[in-house]
Number of protein chains: 2
Amino acid sequence: MSDSHKYVVSCQACSLNALCVPHSLTEEEIELVDATVKRSKPVQRNKTVFESGDAFSSLYAVRSGAIKTYSVDEDGEEHVIGFYLPGEMFGMDAISRNVHISSAKALETTAICEIPYNRLEELSAKVHNLQSHMYRLLSREIADDQDLQLMLSKKTAEERIGNFLLNLSHRYQMRRLSPTTFRLPMARTDIGNYLGLAVETVSRIFTRLQKNQILKVDGKEVEILDHNRLCEIANACHEHKH
Amino acid sequence: MSDSHKYVVSCQACSLNALCVPHSLTEEEIELVDATVKRSKPVQRNKTVFESGDAFSSLYAVRSGAIKTYSVDEDGEEHVIGFYLPGEMFGMDAISRNVHISSAKALETTAICEIPYNRLEELSAKVHNLQSHMYRLLSREIADDQDLQLMLSKKTAEERIGNFLLNLSHRYQMRRLSPTTFRLPMARTDIGNYLGLAVETVSRIFTRLQKNQILKVDGKEVEILDHNRLCEIANACHEHKH
DNA sequence: TTCACTCATTGATCTGCATCAATGACTGTC
DNA sequence: GACAGTCATTGATGCAGATCAATGAGTGAA
C-alpha cells in the first residue's frame, strides 16, 4: 500500500458524508463526486494548506483535525477569519478573485480533502443536486459570516465568548460528538483575535465562567456545566437550535 | 402602456448590465436571463422588499435607489447588515435556509429586479457562464463580509468610517458616478449601527474629518477632499484599487 | 404658518475592555 | 533534567468610545 493510499477513504465510506455530500445524490453521482476529490497525506500542525497570494485552484474540506483561516496585514499582524471542523468546507472566499486572499493553517494534524474547482464546476452543471448543494453551502457561509458581524459589532466580550462556545458545542453535536465536553483546537490568542478581544479578556472571562459554575476549563479541555445559563449570557439561545 | 410596463427595461438595455450580467453570455443567453427577471413598480422609501420569516423565493438586484438589509433581535433592536447600491444583488443569505432571516428595506424610492430562484437555478445549470457567475457572486459576498468582520473586530472608529467612505466611493466609481462627491442614502444611525458605533461617534468623526479638510459634509451630501489622507486614516488604501 | 417628529450635532461623564507588566504552567529539545 | 520558548493567567492602569443630556436643523402634515 503506497503512502498516499493510507488516507484514501471514499466519500461513501466517510463518516462525514452526511455533512459534505448532498443526501439526494444517486450512487453513481456520489461516485462522480468521489472521483474528483483528491486526498493527500495529513497536514501537520502549523503547516499551511494555502497562503494569501496562491493561485486558487481547489476548495477544501476538513476530514479530521481543525483549520484556521486568517489574513496578514501590512504590519504583519494576523487576523483570524474562521475555524473549520471536520465536515466543513473552506477556501470559498477565493472563487471570486481566482487568488487566495486568506491563508489556511492546520491547528493540529489535519486530514483534508481537496476538490479541484474547475472539475467541481463542470460536475455541478451536470448534477443538479450538487449545484443546489453548492449554492446552499455558499449561502450558508454568507449567513454565518453575517451572524459573526452582528456579534462583533454589537455584543459584549462575555456574549461573544458565550456565543462562540455554544456555536462550537453545536457543531460538535452535528458531528455526533459530545456537545458538553470538548477540546478547543485553537489557542486563546486565536479565540481573542477571532472575536476581536484581547487574550487577557478571553482568559478572564473563562475563569469567571468557571467561578460561576457555568464552565469547567482545563487548558484546552472545556466542559459546559450549565447550558441554559450560558445561553442567557450569550443572549442567543434560539440561534443554536436550528 | 400598463403600469407594470413603465419600469420594464430589458437587461440588454439596462445601464447596469455590466455589473449584473456576466459579460461572456451570448445574446440568446442574455435573453433567457432577461426572461426570468421580474420587474415591478419601484419600492417607496421605508417599504420592505422582504421581511425576516418570509419564504425565500427570489434573489433581488437594485436598479436604482438603495436598499439596507437588517435583522431585528428579540428586544426589537435593529441590526444593519448591509447596504446595496444599483447593480448589486441581495437576498443571497436566504438560499441556505429557504426562509429570509434578514429583512430588506428601501432607503429611498428604489427600483429592483426580482429573480425567481428556482428558475435561476435551472437556467444556471444550462448556461455554464451563468453558473460560474453565480459562484463568483456568492464568493464575492463572502469575501466582502470577511473584510467587514476584520473592520469590526480590529479597527478604530475613525478607520471604520474611513473605510466605509472609501468603499462607497469605490462602488460609486464602478457605477460611473463621481467617486469624490456623492450622497449618503442612509441615516447616520444606520451607518453607526452597521459599523458598530454610536451615532454620536459617527457624527463627531464626520465633523473632525471636515475640520481637517479631508471631507466636506453637508447633511447627506459628502465630498472627499483629500483621498490620500482618507486612505491613511482608513489604513487600507490598497484595498480600494482592485 | 405652526406643530410634531425625526435626525444630526455637540458637550459632559462613565465604563468595558485594551494595554502594560509580571508570573506561572506546559512542551519539546539537547 | 535543565533550558528556551510559547501560552495562559492575574493584577493595575488608561483610554476610546458608549451613554446621557440638551439643542438645533430639516421635513411633512394640516
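Treat the numbers as computed from the prediction; the structure is a model and nothing was measured.

Engineer: Would you mind showing me how to read the overall build of chain A here?
Structural biologist: The number of helices and strands found in chain A is eight helices and eleven strands. Here the C-alpha atoms of chain A give a radius of gyration of 19 Å, agreeing with the 18 Å that 2.2 N^0.38 yields for 242 residues. Projecting the C-alpha coordinates of chain A onto the three principal axes gives extents of approximately 55 × 40 × 35 Å. Counting only residues that meet the buried cut, chain A has 52% of its 242 residues in that class. In chain A, once contacts between residues fewer than 6 apart in sequence are set aside, the share between residues at least 24 apart is 72%. Accessible surface for chain A amounts to roughly 11,300 Å². Of this, 48% is attributable to carbon and sulfur atoms. Across chain A, the centroid of the 29 positively charged side chains sits 4 Å from that of the 33 negatively charged ones.

Engineer: Where do I start with the interface of chain A and chain B in this structure?
Structural biologist: Frequently, the measure chosen for interface size is the accessible area that the parts lose on association. Chain A puts 42 residues into the contact, and the matching count from chain B is 41 residues. When the two sides are added together, the surface that chain A and chain B hide from each other amounts to roughly 3,800 Å², 54% of it contributed by carbon and sulfur. Looking only at chain A, the three residues that lose the most surface to chain B are Y135, I142 and Q149 of chain A, adding up to 18% of its buried area. Linking chain A with chain B are 23 residue pairs in polar contact (both at pLDDT 80 or more), by the criterion used here. Secondary structure elements with two or more residues in the side of chain A that touches chain B: β5 (78-84), α3 (117-126) and α4 (128-154) of chain A. With 21 residues, α4 of chain A is the largest single contributor of residues to the side of chain A that touches chain B. Split by residue class, the side of chain A that touches chain B holds 17 nonpolar, 15 polar and ten charged.

Each value, and the rule that gives it
- Residues numbered from 1 in each chain as written.
- Chains lettered and ligands numbered in written order.
- Predicted model: local features only at pLDDT ≥ 70, side-chain atom pairs only at ≥ 80, totals over all residues.
- Heavy atoms only, no water.
- Helix = DSSP H or I, 4+ residues; strand = E, 2+ residues; numbered from the N terminus.
- Rg over C-alpha atoms; globule rule 2.2 N^0.38 Å.
- Buried < 20%, exposed > 50% of the residue type's maximum accessible area, 1.4 Å probe, protein only.
- Contact = heavy atoms within 4.5 Å.
- Areas by Shrake-Rupley, 256 points an atom, 1.4 Å probe, with all protein chains shown as cover.
- Lys, Arg positive; Asp, Glu negative; His and termini not counted.
- Charge placed at Lys NZ, Arg CZ, Asp CG, Glu CD.
- Buried area = accessible area lost by both parts, 1.4 Å probe.
- Polar contact = N/O pair within 3.5 Å; in protein donor to acceptor, adjacent residues only side chain to side chain.
- Nonpolar A, V, L, I, M, F, W, Y, C, P; charged D, E, K, R; others polar.

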